[in-house]
Amino acid sequence: MHPKANFSGNFHSGKGENGYKINLNVKRKLKQVISSESEKRFRAENGQGVKGRKSGGLTLQEQRENLPLYPVRESIIQQIRVNDTLIFLGETGSGKTTQIPQYVHESGFTRSGIVAVTQPRRIAAISVAQRVAQEKFCQVGELVGYTVRFEDCSSPETKIRYMTDGSLLREAIRDRLLTPYSTIILDEAHERTVNTDVLFGIVKEAQRIRKEAKKQPLKIIVMSATMDVDHFSAYFNKAKIVYLEGRMYPVKLKHVKRNDHDYAQTCLITLFDIHRNAPLDHDVLIFLTGQEEIDAMAEQVRSIGKSAEFHDSPLKVLPLYSQLPQHKQLEVFKPAPQGVRKVILSTNIAETSLTISGIKYVIDSGMVKQKVYNSLTGMDTLKVVKISQAQAWQRTGRAGRESEGVCYRAYTVSEFEKMSLMTTPEILRSNLATTVLQLLALGIDCMNFDFMDKPSRESLNSAIKLLYELKAIGAIEGAKLTEVGRKMSQFPLDPRFSKILLEAANYGCLTEMIMIIAVLSGENIFYSSTDKRDQILVAHSKFVSKYGDHLTILNAFREFLSAENAKMWCFKHFLNYRNLMYANEVRKQLLEICKRCNIDESTCGNDYDQVRKCLLVGLFGNIAELQRDQMYLTLVGRQRAKLHPSSALCHKPLADYVVYTDLVATERAYLKYITIVDPDWLHELPNASKLRRYSTTNNFK
DNA sequence: GAGCACTGC
């Protein structure tokens, strides 16, 4: 049970097994809440930074002193001093992310090394670093800095370094003892990203080895916002838990009385109940599951909102999901005009990544779209499932950031109680090929790795098997990295792609493969929208290759790189400029790593067969065969699937054999990013005999 | 004829 069943203002958690509670008697309200996190983040992302030293008449120092942490500062520093490992349970608004690292610094620990603070998201690492630099009256990159992919804003002076968890993990692969660091703070640990989960084991091991070797000790601090801290404590040898009070306003909870199994309908009815009764300057945030659902409901809300009943109470309806163009996302941060209610329909992007100010009401559908990987079929399934109780509290909290609020839950109390306590950690529902390779690069056998939650044997085995087939390891048992494997681990890619780059020189097409893989690493470069569908189709048809999506991507990316005015060019061709720019960053990074690995640059010009053959070097396990009923069958996982509607080859005569990049199931199974392959090539693949056995047609015998 | 939640190196 969540300890805050009554959800009043002062988050107190009760004591854990090794509990230690810092009491706060001081209760002051912030006169001015610093402009919302997300807004700051967006500004930071746009390179504007956070300006001015004052906020609402409070100096930075006054703001610091107003944080709930401040009065117990000495006591916290004392705890940091005496414990090698410490777990902070800090509720929203406690200021732990900005303050604890400063306390570590102020108590002298940075004399012997840097304090690293990891974040799951780069935008958080950057914006928090900017904030703390201000508090320290320094420029970012001096005393306080950050390190994220493509951007290292730190210097030899830097003592407090914010970084993404993935960034620190990369560094650990080069230096498993994390020598430059005196303290590692793993923030937002409750999110349990794959990277944080791996880091748990790495820092624990580094601490042990450094202690045994009588080297500079490593201090570990885990910061979490949810209640499973006992799990963390147990993992870190019964580390002490310190509870930090947050600053939240009371949120009233309302559950539905009966379950009618149509959460969307319930949300809609609730919204208009609120709309009838609440003052118009109270904004509403509704949590739904995906783009399609959100767009559909937005339409409904708009149309009901236009009815006579609501003539005098206008609504501003704003969808919010990650695929939405940036400028439309920014709309949600603008205050609605006087006398207009803002209604935001969001995916769980508003749960953690973005914070919207002024939300008075939250309507929680209780559902989320979640990805689960099946290692037997090699398929990702994207399914709408019930949220966890922890997620429910996170959503509820979004109503109480600046004033008292109300959370309407489209599920009953007993349904809530049936929800799992915590969200399943990502590592238990992901493809582990990359993780296992990273561990091997650290000299760790994944079967014996000290996971906080150990993935299934099947999941680990299938990752090991893939690495063996890619020749990254020499044997299945007692897996050891080969030279190829060591090189593969250098790349920030799925091992199948790393392998392709390592072999591309043999096919004379490194330039082309890097471009294709760079685009696949990012988000979709082709803009899509239903209203200009035909126009877009024509614009994109220019790039379409008869061989499929990989070469279509290549055509588009090549032209992008040679365009005079890239931004205009993208606009004209309905391509996503931001995603192409990102792909170009990745391309440059991959080129750099290839150089380090002594892979010679080469280009095949328009000899596209070389590219198509080279794809198979990594994706030989992803062959699908056309069946009589015009469905594809994946040969290794034996999964029936269709081409994804976004494919360049949709609505064209289907080829007998294709190589696919992803197999994803939503309502049905789809092959994404495919290229036609010549059946003759299949005989030369490392798993040819297996493929032949699985084939059900006579095209490949 | 029908679509991908969210991150990150």
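As the structure is a computational prediction, the values presented were derived from the model and not from experiment.

About the criteria used
Residues numbered from 1 in each chain as written. Chains lettered and ligands numbered in written order. Predicted model: local features only at pLDDT ≥ 70, side-chain atom pairs only at ≥ 80, totals over all residues. Heavy atoms only, no water. Buried < 20%, exposed > 50% of the residue type's maximum accessible area, 1.4 Å probe, protein only. Helix = DSSP H or I, 4+ residues; strand = E, 2+ residues; numbered from the N terminus. Arc of directions from axis to C-beta. Core = buried A, V, L, I, M, F, W, Y, C linked by side-chain atoms within 4.5 Å. Contact = heavy atoms within 4.5 Å. pLDDT = per-residue confidence, 0-100. 1 Å grid on protein atoms, 1.4 Å probe; cavity = no way out; pocket = protein on both sides within 12 Å on 5 of 7 lines; lining within 4 Å. Points joined across faces, edges and corners; volume = space filled by probe spheres on them. Nonpolar A, V, L, I, M, F, W, Y, C, P; charged D, E, K, R; others polar. Near = heavy atom within 4 Å. Polar contact = N/O pair within 3.5 Å; in protein donor to acceptor, adjacent residues only side chain to side chain. Pairing = 2+ DSSP bridges. Axes fitted to C-alpha atoms, helices over the stretch in contact; angles between N-to-C directions. Phe/Tyr/Trp six-rings, centres within 6.5 Å; stacked < 30°, edge-to-face > 60°. Lys NZ or Arg CZ within 6 Å of the ring centre and 35° of its normal.

## What about helix H3 (residues 73-82)?
Residues of H3 that are buried: Arg73, Ile76, Ile77, Gln79 and Ile80. Buried residues of H3, seen end-on, are gathered within an arc of 155° and therefore sit on one face of the element. Seen from the buried face of H3, the exposed residues on the opposite side, beyond 90 degrees, are Glu74 and Val82.

## Things to note about the nonpolar core
If you look at the biggest cluster of nonpolar residues, it comprises 113 residues, and the most contacted ones within it are Ile202, Phe491 and Leu501. Broken down by element, the residue count for this core peaks at nine residues, all from helix H19 (residues 510-521). Not counting residues within four places of it along the chain, the set of residues in contact with Ile202 comprises Leu169, Ala172, Arg176, Leu178, Leu439, Leu442, Ile444 and Phe449. Membership of the second largest hydrophobic core comes to 30 residues, among which are Leu69, Ala129, Val132 and Ala133.

## Let's talk about the confidence of the model for chain A
Looking at chain A as a whole, the pLDDT averages 87, with 92% of positions reaching at least 70. Of the regions scoring below 50 in pLDDT, residues 1-54 engages in 122 contacts with residues more than four places distant in sequence or in other chains.

## Observations concerning the layout of surface pockets
Its volume calculated, the second largest pocket comes out at about 370 Å³. Residue lining of the second largest pocket: 20 residues in total, with Lys204, Glu205, Gln207, Arg208 and Asn237 positioned closest to the centre. Tallying contributions element by element places helix H7 (residues 194-212) first for the lining of the second largest pocket, with six residues. A breakdown of the residues in the lining of the second largest pocket according to their chemical character gives five nonpolar, six polar and nine charged.

## Focus: the protein's contact with DNA strand B
Arg122, Ser322, His651, Thr666 and Lys672 are the nearest of the 30 residues found near DNA strand B. The backbone of Pro492 places a nitrogen or oxygen atom 2.9 Å from a base nitrogen of DNA strand B. Separating a phosphate oxygen of DNA strand B from a side-chain N or O atom of Tyr670 is a distance of 3.1 Å. Among the secondary structure elements, those contributing two or more residues to the surface near DNA strand B are helix H5 (122-135), helix H6 (165-174), strand E17 (367-374) and strand E24 (669-676).

## So, the environment of Ile427
With respect to the secondary-structure elements, Ile427 resides in the loop between helix H14 (413-418) and helix H15 (433-441). Given the relative accessible area of 0%, Ile427 is considered buried. Among all residues touching Ile427, those that are not within four sequence positions of it are Val194, Asp197, Val198, Leu432, Phe451, Asp453 and Pro455.

## A closer look at the sheet that holds strand E19 (residues 405-409)
Ordered by their spatial adjacency, six strands build an open sheet running E12-E19-E16-E13-E15-E14, and the pairing between neighbours is parallel. Unpaired on one side and paired on the other, strand E12 (251-255) and strand E14 (315-320) mark the two borders of the sheet. The average angle at which neighbouring strand axes cross in this sheet is 20°, direction not considered. Pairing between strand E13 (residues 283-287) and strand E16 (residues 359-364): five bridges, direction parallel. Across the sheet, residue Asp283 finds its bridge partner in E16, namely Ile359. Each of E13, E14, strand E15 (341-346), E16 and E19 touches helix H9 (residues 263-277); the most contacted strand, E16, lies at about 155° to it. Of the strands in this sheet, E14 and E15 touch helix H10 (residues 291-305), which is tilted by about 180° from E14.

## Thoughts on the side chain of Ser388
Within the secondary structure, Ser388 sits in the loop between strand E18 (379-386) and helix H13 (389-397). Ser388 gets classed as buried once you look at its relative accessible area, which sits at 2%. A distance of 2.8 Å separates a polar atom in the side chain of Ser388 from a polar atom in the side chain of Thr423. When near neighbours in sequence (up to four residues on either side) are disregarded, Ser388 contacts Met419, Ser420, Leu421, Met422 and Thr423.

## Observations regarding the packing of aromatic side chains
Going through the model one piece at a time under the given rule, you end up with 13 aromatic pairs. Within the aromatic cluster, the residues linked to one another by ring pairs are Phe200, Phe232, Tyr235 and Phe236. Stacked on the ring of Tyr235, the Lys or Arg Lys204 has its end atom at 4.1 Å from the ring centre. The ring centre of Phe416 lies 4.6 Å from the NZ or CZ of Arg409, which sits over that ring.

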